[in-house]
Amino acid sequence: MIDDIKDLSTIEKEKLLARRRFGAYFVKCIGGVLIATAAITLFAIFMISDFNGAFTPARATATSGRTVTTFLFMLLLMLGLYGFDTKNRHAVRDFWLTLIVFVLTFFIVITLSSEKITNNRYAMPIAILSLVVLQLLDVKSSVLSTAVLGIIVVISFHFSNRAADYNMARVISAVICNSVSPIIICFFYKKHFTRLKFLLLSLLVPLLAEPLVIMMTLASTTSIAANLLNNVLWFYGGNAIASLIFMAFVAIFEGIFNIADDFRLSELCNLSNPLLKRLASEAPGTFNHSLVVGTVAEACASAIGENPNMARCAAYYHDIGKLKAPLYFSENQSNYNPHDELIPEVSVSMITSHTLFGEILAKQSRLPSEIVDICRQHHGTAPVGYFYRKALTLKEDGDLAVDKYTYAGPKPQSKLAAIIMIADTVEAAIRSYMPDTREEYENRINMLVDEKIKLKQFDECPITLGDIAIIKKTVMESLASINHSRIDYDKKRRA
Ligand SMILES: [Fe+2]
Ligand SMILES: [Fe+2]
């Protein structure tokens, strides 16, 4: 694959890789579209049509027509989700997650609103899909999947061979109300909501949307007295059910698809997490270092518009690879330094292997892939300066290639990985040499970051020089506040 593109220009390479990425996405997802189309069509026919009648020669055209229409909208969903972010390396995972929640929500919507359960079209918890996709993926995907689900629900009722039994005006009104409500939630939604805040929002917005239900009921029925109260109650009931199912679905799907949503990140940042507890007891120096890096990285991520929860979480786990041999890292040593008995080459391999072991341990612990990557990338391909210099002193000719004394990489591939690299480097350096003045702090941070730039450590991630300038300033402010000197009250009293 690499051989046939190496002679192309950068733009041509990008285009070719983009086409290949899309081709792979299409091949891996089209089967899901076909399966979902079949499941949705058969289920709708079973629940709200005359099942046997739907497969008679007289209804063959109608049944094929609804199947093809459903297929086309599912295809639109598949292409739309990809189109929002063509570089999303989790595009296939995100599509399958959306598809499974989509089909399950469709089943619940049709079942609950059918005459077998409530016989009220307003009992359509479409919000299950909207809220789960909103929480686990993003706003755009949530709005698109909600719109497609609404359309497919209308198609299912409209093409039923018992369509005459359903008041289509009511169906459309119900779908509009039940889609608008979660879309409003999307606009109020803020990242870093707790589960409770999210639940309260998802229960409050349908209440605010009730006037819409009343207006729609007035516009779509003649027997107002019989329908109004029913519609109002079932609309709210459907949305309350959606909020509860949403909680269960998020807990299940974030685990199955290993997604780092904010609920999961806050659980991972809990210091009673087994891996963090192990780090605290087996490598206390590394644990404390990680906590400080977490505070600094969180502030940096907020400052440049990245996810601060992800930054904190990644910082907590970035050095878990040191658990393999904690004593080989200076922050965990007291009187004994095992490197005194080793040649520099062995010391370097012991130290650099913590990124690889960290990646393995993170995968074994099923940490989100973003954190796994940061465990591997946070030192990039930088040299282990201390041991390189030690090796140089042992060399008689004073000439030594640096390659064997560097981390294996890869370099940071994301802005968050770059943030962790900077916060990690600066925290470690300041810990070993605490500057006295603000100016010294600034100079030291500038020097450490500029050294990484000189070593081309940020060449493979989309971070800009503007971002780096903001990060330097934020690191400076947060480290200065963490390491501020305490007031000597005894001295004050003595004075
Ligand atoms: Fe590290
Ligand atoms: Fe570190």
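Please refer to the structure higher up on the page.
Residues numbered from 1 in each chain as written. Chains lettered and ligands numbered in written order. Predicted model: local features only at pLDDT ≥ 70, side-chain atom pairs only at ≥ 80, totals over all residues. Heavy atoms only, no water.

### Focus on the overall build of the protein chain
- Looking only at helices and strands, the protein chain has 20 helices and zero strands in total.
- With the C-alpha coordinates of the protein chain rotated into their principal frame, the extents come out at 95 × 70 × 40 Å.
- Counting every position in the protein chain, which comprises 495 residues, the buried fraction comes to 49%.
- Look at the contacts in the protein chain between residues 6 or more apart in sequence, and 73% of them connect residues 24 or more apart.
- Approximately 23800 Å² of the protein chain is accessible, and the part contributed by carbon and sulfur atoms is 62%.
- Computing the positive centroid from 49 side-chain charges and the negative centroid from 45, the protein chain places the two 5 Å apart. (Helix = DSSP H or I, 4+ residues; strand = E, 2+ residues; numbered from the N terminus. Buried < 20%, exposed > 50% of the residue type's maximum accessible area, 1.4 Å probe, protein only. Contact = heavy atoms within 4.5 Å. Areas by Shrake-Rupley, 256 points an atom, 1.4 Å probe, with all protein chains shown as cover. Lys, Arg positive; Asp, Glu negative; His and termini not counted. Charge placed at Lys NZ, Arg CZ, Asp CG, Glu CD.)

### Re the coordination of the iron ion (ligand 1)
- Only Asp319 (OD), His354 (NE2), His378 (NE2) and His379 (NE2) from the protein reach the iron ion (ligand 1) as donors, at distances of 2.1 to 2.2 Å.
- Metal-centred angles of 89 to 176° between the four donor atoms at the iron ion (ligand 1) mark the site as irregular.
- Taken in chain order, the donor set of the iron ion (ligand 1) reads D-x34-H-x23-H-H.
- The metal-metal distance between the iron ion (ligand 1) and the iron ion (ligand 2) comes to 3.6 Å, with aspartate 319 coordinating both. Taken together, the positions of aspartate 319 in the loop between helix H13 (308-317) and helix H14 (344-364) and histidine 379 in the loop between helix H15 (369-377) and helix H16 (385-394) put the pair 60 residues apart, joining distant regions of the chain. Both residues of the pair, aspartate 319 and histidine 379, count as buried. (Donors = N, O, S within 2.8 Å, 3.2 Å for Na, K, Ca; no water. Tetrahedral: all angles 85-135°; square planar, octahedral: opposite > 155°, others 65-115°.)

### Side note on the nonpolar core
- Grouped together as the largest cluster of nonpolar side chains are 71 residues, with contacts concentrated most on Met74, Phe102, Phe106, Val153 and Phe157.
- Setting aside chain neighbours within four positions, we find phenylalanine 157 in contact with Ile48, Ile110, Ser113, Arg121, Met124, Ala163, Tyr166, Met168 and Val171.
- Core analysis: the second largest hydrophobic core is formed by 55 residues, Leu265, Ala429, Val449 and Phe458 among them. (Core = buried A, V, L, I, M, F, W, Y, C linked by side-chain atoms within 4.5 Å.)

### Things to note about the side chain of serine 243
- Here serine 243 shows up in helix H9 (residues 224-256).
- A distance of 3.1 Å separates polar atoms of two side chains, one belonging to serine 243 and the other to serine 202.
- Sequence-distant contacts of serine 243, that is, excluding residues within four places in its chain, are made with Leu199, Ser202 and Leu203. (Polar contact = N/O pair within 3.5 Å; in protein donor to acceptor, adjacent residues only side chain to side chain.)

### Brief notes about the coordination of the iron ion (ligand 2)
- Coordination of the iron ion (ligand 2) by the protein is provided by His289 (NE2), His318 (NE2), Asp319 (OD) and Asp424 (OD), with metal-donor distances spanning 2.1 to 2.3 Å.
- One way to put it: the four donor atoms around the iron ion (ligand 2) meet at angles of 78 to 174°, and that makes the site irregular.
- Ordering the donors of the iron ion (ligand 2) by residue number gives the pattern H-x28-H-D-x104-D.

### Description of H13
- The buried fraction of H13 amounts to nine of the 10 residues, a majority that puts the element mostly inside the structure.
- Listed in full, the buried residues belonging to H13 are Pro308, Met310, Ala311, Arg312, Cys313, Ala314, Ala315, Tyr316 and Tyr317.
- Taken together, the buried residues of H13 touch helix H10 (262-268), helix H11 (274-282), helix H12 (284-303), H15 and helix H17 (415-432).
- Sitting at the amino-terminal end of H13 is asparagine 307, which places a side-chain oxygen 2.9 Å from the backbone nitrogen of asparagine 309.

### So, helix H7 (residues 195-208)
- End to end, H7 covers 20 Å across 14 residues, agreeing with the expected 20 Å (1.5 Å per residue, within 8%).
- All of the buried residues along H7 are Phe198, Leu201, Ser202, Val205 and Pro206. All buried residues of H7 project into a common sector of 120° when viewed along the axis, lining one side. Facing away from the buried surface of H7 by more than 90 degrees, the exposed residues are Leu196, Lys197, Leu200 and Leu208. (Expected span 1.5 Å × (residues − 1). Arc of directions from axis to C-beta.)

### What about the side chain of lysine 472?
- Assignment of secondary structure puts lysine 472 in helix H19 (residues 465-482).
- Judged by relative accessible area, lysine 472 falls into the buried class, the value being 19%.
- Beyond its immediate chain neighbours, meaning those up to four positions away, lysine 472 contacts Ile445, Asn446, Val449 and Asp450.

### Some points on empty space enclosed by the protein
- In the structure shown here, the tally under the stated rule is one cavity of 30 Å³ or more.
- Lining the largest cavity, in full, are Ile45, Ala54, Arg59, Thr63, Arg66, Phe159 and Asn161.
- Taken together, the residues of the lining of the largest cavity break down into three nonpolar, two polar and two charged. (1 Å grid on protein atoms, 1.4 Å probe; cavity = no way out; pocket = protein on both sides within 12 Å on 5 of 7 lines; lining within 4 Å. Points joined across faces, edges and corners; volume = space filled by probe spheres on them. Nonpolar A, V, L, I, M, F, W, Y, C, P; charged D, E, K, R; others polar.)

### Quick word on the pattern of salt bridges
- On inspection of all chains with the given rule, the structure shows 14 salt bridges.
- One salt bridge connects aspartate 94 with arginine 93, and the closest N-O pair in it is separated by 3.1 Å. In this pair, the class of aspartate 94 matches that of arginine 93, namely buried.
- Note that lysine 322 is salt-bridged to glutamate 331, the shortest N-O span being 2.8 Å.
- The class for glutamate 331 is partly exposed, based on a relative accessible area of 22%.
- Each of Asp319, Lys322 and Glu331 takes part in a single network of salt bridges with overlapping partners. (Salt bridge = Lys/Arg side-chain N within 4 Å of Asp/Glu carboxyl O.)

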